[in-house]
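For reference, the chains in residue letters:
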Amino acid sequence: MTVASFDRPQETWNGRYAGDDYLFGEAPNAFVRASASWLEGARTVLCVADGEGRNSTWLAGQGYTVTAFDFAPNAVAKARRLAARRGVRADHREGDILTWDWSARSYDALVAIFIQFLAPEDRDAVFAGMQTAVRPGGLFLLEGYRPEQVDYGTGGPPRREHMYTRPWLEQRFADWEILELRAYDAEIREGTGHRGMSALIDLVARKRRAAPYPVDIV
């Protein structure tokens, strides 16, 4: 994918999702599947920029009440078809990560997988919004690429500044309990969209509950 295509993300992604095949496959992302144990006790999940629904549909099949959105109409239509074919229910909506109303509802967990199209100048505001959407005690699950991914060229934009680093995530989630933060290289095969050795970084973080007000004893 060219650099220019990332300057028109909605048009680009809607075109990429126009085919009958599922660009990143129909199976859930490996990190999402492996993180299922963290979700024990959760009921509601928000899947951000969910694409063709591989993750939201799988989570719905695990019994969670799932809301998912993507800004590409073709992706949302395919996500709905995938859920219907699997016999599960998920609330798949058209929505833009830049204008989504994060305060409308709180979720037990938020899942964001490979949202590297997000430009650096938008990243802090969007991450702050996503964090708002997680209830106290809830979870934030994120998988993305590190800057070294540009050298591999096996997925994501050819822009290092779009990638995540450990220090940036540690700073962004400084007020959260970081349960897992792992940077590693691995071979991934997700449809035709992600194939080959990749520079990954995974985060699982829990939103801290507000400290109780002190009680005066008289």
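Heads up: these notes are all about the structure in this document.

Conventions used here
Residues numbered from 1 in each chain as written. Predicted model: local features only at pLDDT ≥ 70, side-chain atom pairs only at ≥ 80, totals over all residues. Heavy atoms only, no water. Helix = DSSP H or I, 4+ residues; strand = E, 2+ residues; numbered from the N terminus. Contact = heavy atoms within 4.5 Å. Polar contact = N/O pair within 3.5 Å; in protein donor to acceptor, adjacent residues only side chain to side chain. 1 Å grid on protein atoms, 1.4 Å probe; cavity = no way out; pocket = protein on both sides within 12 Å on 5 of 7 lines; lining within 4 Å. Points joined across faces, edges and corners; volume = space filled by probe spheres on them. Nonpolar A, V, L, I, M, F, W, Y, C, P; charged D, E, K, R; others polar. Pairing = 2+ DSSP bridges. Phe/Tyr/Trp six-rings, centres within 6.5 Å; stacked < 30°, edge-to-face > 60°. Lys NZ or Arg CZ within 6 Å of the ring centre and 35° of its normal. Expected span 1.5 Å × (residues − 1). Core = buried A, V, L, I, M, F, W, Y, C linked by side-chain atoms within 4.5 Å. Buried < 20%, exposed > 50% of the residue type's maximum accessible area, 1.4 Å probe, protein only.

### Details of the environment of F127
At step 1: Among the secondary structure elements, F127 is positioned in helix α5 (residues 120–132).
At step 2: F127 sits 34 residues away from E161 along the chain, and the two C-alpha atoms are 16 Å apart.
At step 3: Every residue in contact with F127, bar those within four places of it in the chain, is listed here: I115, L118, F140, L142, Y164, W168, R172 and F173.

### Overview of the side chain of E190
At step 1: By the secondary structure assignment, E190 is in strand β6 (residues 177–190).
At step 2: Looking at E190, its side chain comes within polar contact range of the side chain of N29, at 2.9 Å.

### Let's talk about empty space enclosed by the protein
At step 1: Counted according to the given criterion, the structure contains two cavities of 30 Å³ or more.
At step 2: Here the largest cavity is characterised by a volume of approximately 40 Å³.
At step 3: Every residue lining the largest cavity is listed: A49, F69, D70, F71, G95, D96, I97 and F117.
At step 4: Broken down by class, the residue content of the lining of the largest cavity amounts to five nonpolar, one polar and two charged.
At step 5: What the second largest cavity holds in volume is close to 30 Å³.

### Overview of the pairing of β6
At step 1: With 13 bridges joining them, β6 and strand β7 (residues 194–206) adopt antiparallel strand pairing. Looking at β7, one finds that I178 is bridged to A205.
At step 2: Between β6 and β7, which pair antiparallel in sequence order, lie three residues; one of them, G191, sits at a positive phi of approximately 60°.

### Here's the deal with the packing of aromatic side chains
At step 1: Here the structure, examined in full by the defined rule, presents 15 aromatic pairs.
At step 2: By way of ring pairs, the aromatic residues F127, F140, Y164, W168, F173 and W176 are connected into one cluster.
At step 3: Above the face of the W168 ring, R123 is positioned so that its terminal group lies 4.9 Å from the ring centre.
At step 4: Above the face of the Y184 ring, R182 is positioned so that its terminal group lies 3.9 Å from the ring centre.

### Brief notes about helix α4 (residues 73–86)
At step 1: With 14 residues, α4 should cover 20 Å at 1.5 Å per step; its first-to-last C-alpha distance of 20 Å lies within 8% of that length.
At step 2: The elements touched by buried residues of α4 are α3 (54–61), β2 (65–70) and β3 (91–94).
At step 3: G87 lies just past α4 and shows a positive phi near 75°.

### As for the nonpolar core
Soluble globular proteins tend to bury their nonpolar side chains together.
At step 1: Within the largest apolar cluster, 36 residues are counted, with the highest numbers of intra-cluster contacts made by V48, W102, L110, F127 and M130.
At step 2: Beyond its immediate sequence surroundings of up to four residues, W102 is in contact with L46, V48, F69, I97, L110, V126, G129, M130, T132 and A133.
At step 3: Core analysis: the next-biggest nonpolar cluster, separate from the first, contains 24 residues, W58, Y64, I113 and L139 among them.

### A word on the layout of surface pockets
The gaps left among the atoms become clear once a water-sized probe is rolled over them.
At step 1: Each pocket or cavity is described by its volume, and for the largest pocket that value is around 540 Å³.
At step 2: W13, R16, F24, F114 and H194 are the residues nearest the centre of the largest pocket, which is lined by 34 residues in total.
At step 3: Listed by contribution, the elements that provide at least two residues to the lining of the largest pocket are α1 (9–16), β1 (44–48), α3, β4 (107–113) and α6 (149–152).
At step 4: Counted by class, the lining of the largest pocket contains 19 nonpolar, ten polar and five charged residues.
At step 5: Each pocket or cavity is described by its volume, and for the second largest pocket that value is around 290 Å³.
At step 6: Looking at the second largest pocket, it is lined by 24 residues, and the ones nearest its centre are N29, A30, F31, E143 and Y184.
At step 7: Of all elements in the fold, only α2 (30–34), β6 and β7 reach the threshold of two or more residues within the lining of the second largest pocket.
At step 8: Considering every element that reaches the lining of the second largest pocket, the biggest residue donor is β6, with seven residues.

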